[in-house]
Amino acid sequence: MFGMPRRLLFGYLALAVFMTGDGFELTFLSRFLVENGFTPTQAGLVFTVYGLVVAVSAWTTGVLAEVVGAKRLMVLGGVLWMVLHVLFLTVGLQSVLGTILIYSLRGVAYPLFMYSFVVLIAQSVHPSRLASAMGWFWASFSLGIGVMGAYVPSLLVPVIGEYATLWASLPFVAAGTLMCAFLVPGAPPETDLSQQLHGAERTRELLRGVTILVENRQIALSVVIRVLCNLTLYAFPMMMPLYLTTGEIGGAAWFSLPEWMMLWAIMNTLTIGANIVWGRLGDRYGWMRQMRWFGFGGMAIAVLAFAYVPVWFGPSFPLMVGAAVLFALSVTAFVPMGAIFPALAPEHRGAAISAHNLASGLTTFLGPGIATLLLPVLGPVGVCWVFAGLMLLGTVTTFFIHPPQPGITSDDGRMLPRRERLAVAA
């Protein structure tokens, strides 16, 4: 079914439901904190520290999922998220320090759920179809955190307020966790290392999540482009509500908060279908070329569009939707990243995915971190230029990475002659 592994259908559904709850606060938490006594810098620090904890948790998840079991770790992540979210809402919001501490601790939880499922996909799907399977992964992720996680709060906030809306995320996370526990199958026995590793072997596999970055140069370079490709996906929810809906950081309050939330929901709605299409195209025509030109090239333009459309054209919602469409079509071109890492180290999928997860976590830290650090110096437009420059750096870096891709490249990652590629595609 368009590249979706049917065996994991309920896993994709569980991910979408779980990430809906996890994404509830994404579009309004920075503004909520500022309205309740935080400075913009303190609000940015909350996101930055949270991202750092996410990075560490994500890094360890790949090898932990292989050693402990991917499904088991997903359930643990869901339970931990719910416990820490209740503490965040009842205790953490009482002070700046409490908010930073407990909210960042909650950042341990969602990578356990989300990235353990990446391991389960890699354990269950043939490499030639892995980008398509990862396209469905990112489609489910976008449906949850980007669409439902933005659309549902946009309806709830005007009615019950922001604080009550934060509580409303709990039922979604609970439902996703229960679906995972009772409906998602474990890894096939032949690929489930949690049943094969014992004693010292488990320790060596855990350590490989660190050593693979030194032993495999291609993995290290892939970490760089994985960090770069999603920087704005995590920086924009922190800085754009302040830039587009207030005058706090040099914006002009061109739009209302519900309009910004709807804009972000539209962008993420488009990513659902785009993730699936790009996954199929990547498997058919080549992972790296797709990311190089359509991913990084498109993102550089999209970032600058977000900066300049309101400056040049004022509160034109249709033009901002155009910028969001370009953003969605570009950011989803990076779908093959989840296939590239295990392809570069097929004997150690968990360690390779840990490197992927480290990069995914680092981007949640560095995105808002770069914005927080540079906004007082360069302003929001200057920060967007920095992000555009980093996208161009990503374009250059892709020329040095050569993952083996069935039907597209030779075993050393070099492109097959066009005639051979077309024969395989046919």
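As named in an unreviewed UniProt entry, the protein chain is MFS transporter, taken from Kocuria sediminis.

(A) Examining the packing of helix α4 (residues 70-90) against helix α6 (residues 109-124) more closely. Viewed as axis vectors pointing N to C, α4 and α6 meet at an angle of 165°, and their least axial separation amounts to 7 Å. As judged from the angle between their axes, α4 and α6 are roughly antiparallel. The interaxial crossing formed by α4 with α6 has left-handed handedness. Seen from α4, the contacting residues are Ala70, Leu73, Met74, Gly77, Gly78, Leu80 and Trp81; seen from α6, they are Ala109, Tyr110, Leu112, Phe113, Ser116, Phe117, Leu120 and Gln123. Class assignment of the residues belonging to the contact of α4 with α6 gives a composition of 11 nonpolar, four polar and no charged.

(B) Region of interest: the pattern of salt bridges. Tallied over the full model, the rule gives three salt bridges. When the shortest N-O distance is used, the salt bridge between arginine 106 and glutamate 25 registers 2.6 Å. Within this pair, whereas arginine 106 is found in helix α5 (residues 96-106), its partner glutamate 25 is found in the loop between α1 (9-22) and α2 (29-35), the two being separated by 81 residues in sequence. No difference in accessibility class separates arginine 106 from glutamate 25, as the two residues are buried. Here the salt bridges share partners, and the residues they tie into one network are Asp22, Glu25 and Arg106.

(C) Here's a closer look at the nonpolar core. By size, the foremost hydrophobic cluster in this structure holds 134 residues, and its most contacted members are Ile121, Phe137, Met239, Phe306 and Phe327. Mapping this core onto the domain boundaries places at least three of its residues in each of domain 1 (1-196) and domain 2 (216-425). Those residues in contact with phenylalanine 306 that sit more than four places away from it in its chain are Phe236, Met240, Tyr243, Trp260, Leu263, Met320, Ala323, Ala324 and Phe327.

(D) Up close: the confidence of the model for the protein chain. For the protein chain, per-residue confidence averages 84 on the pLDDT scale, and 89% of positions sit at 70 or higher. Across residues 421-426, confidence stays below pLDDT 50; counting only partners more than four residues off in sequence or on other chains, it has seven contacts.

(E) Representation of the packing of aromatic side chains within the structure. For the coordinates displayed, the defined rule picks out 21 aromatic pairs. When the ring of phenylalanine 255 is compared with that of phenylalanine 317, the centres are 6.4 Å apart and the planes differ by 70°; the resulting orientation is edge-to-face. Taken together, the residues phenylalanine 255 in the loop between α12 (231-245) and α13 (257-285) and phenylalanine 317 in helix α15 (residues 317-331) connect sequence positions 62 residues apart. Here phenylalanine 317 falls in the partly exposed class, since its relative accessible area comes to 24%. Between tyrosine 308 and tryptophan 385 the ring centres are 6.4 Å apart and the planes differ by 75°, which places this aromatic pair in the edge-to-face class. Of this pair, tyrosine 308 sits in helix α14 (residues 287-313) while tryptophan 385 is found in helix α17 (residues 349-397), placing the two residues 77 residues apart along the sequence. Taken together, the aromatic side chains of Tyr12, Phe117, Phe137, Trp138 and Phe141 make up a single cluster linked through ring pairs.

(F) Looking closely at helix α9 (residues 170-183). Compared with an ideal rise of 1.5 Å per residue, which puts 14 residues at 20 Å, α9 spans 20 Å between its outermost C-alpha atoms and is within 8% of the ideal. Listed in full, the buried residues belonging to α9 are Leu170, Val173, Gly176, Thr177, Met179 and Cys180.

(G) Focus on unusual backbone geometry. Even without glycine at this site, alanine 253 takes up a positive phi of about 50°. Turning to its location among the elements, alanine 253 is positioned in the loop between α12 and α13.

(H) Representation of α1. Here α1 spans 20 Å end to end across 14 residues, near enough to the 20 Å set by a 1.5 Å rise per residue. The buried fraction of α1 amounts to 10 of the 14 residues, a majority that puts the element mostly inside the structure. Taken together, the buried positions of α1 are occupied by Gly11, Tyr12, Ala14, Leu15, Ala16, Phe18, Met19, Thr20, Gly21 and Asp22.

(I) Up close: the packing of helix α3 (residues 40-68) against α5. Interaxial distance between α3 and α5 falls to 8 Å at its minimum, and their mutual angle equals 30°. It follows from the interaxial angle that α3 and α5 lie roughly parallel. As for how α3 packs across α5, the hand of that crossing is right-handed. Along its contact with α3, which presents Gln42, Leu45, Val46, Val49, Tyr50 and Val53, the element α5 presents Val96, Thr99, Ile100, Tyr103, Ser104 and Arg106. A breakdown of the residues in the contact of α3 with α5 according to their chemical character gives eight nonpolar, three polar and one charged.

Criteria and thresholds
- Residues numbered from 1 in each chain as written.
- Predicted model: local features only at pLDDT ≥ 70, side-chain atom pairs only at ≥ 80, totals over all residues.
- Heavy atoms only, no water.
- Axes fitted to C-alpha atoms, helices over the stretch in contact; angles between N-to-C directions.
- Helix = DSSP H or I, 4+ residues; strand = E, 2+ residues; numbered from the N terminus.
- Parallel < 35°, antiparallel > 145°, perpendicular 65-115°, else oblique.
- Left-handed = near helix turned anticlockwise from the far one by under 90°.
- Contact = heavy atoms within 4.5 Å.
- Nonpolar A, V, L, I, M, F, W, Y, C, P; charged D, E, K, R; others polar.
- Salt bridge = Lys/Arg side-chain N within 4 Å of Asp/Glu carboxyl O.
- Buried < 20%, exposed > 50% of the residue type's maximum accessible area, 1.4 Å probe, protein only.
- Core = buried A, V, L, I, M, F, W, Y, C linked by side-chain atoms within 4.5 Å.
- Domains from an automatic or database assignment.
- pLDDT = per-residue confidence, 0-100.
- Phe/Tyr/Trp six-rings, centres within 6.5 Å; stacked < 30°, edge-to-face > 60°.
- Expected span 1.5 Å × (residues − 1).

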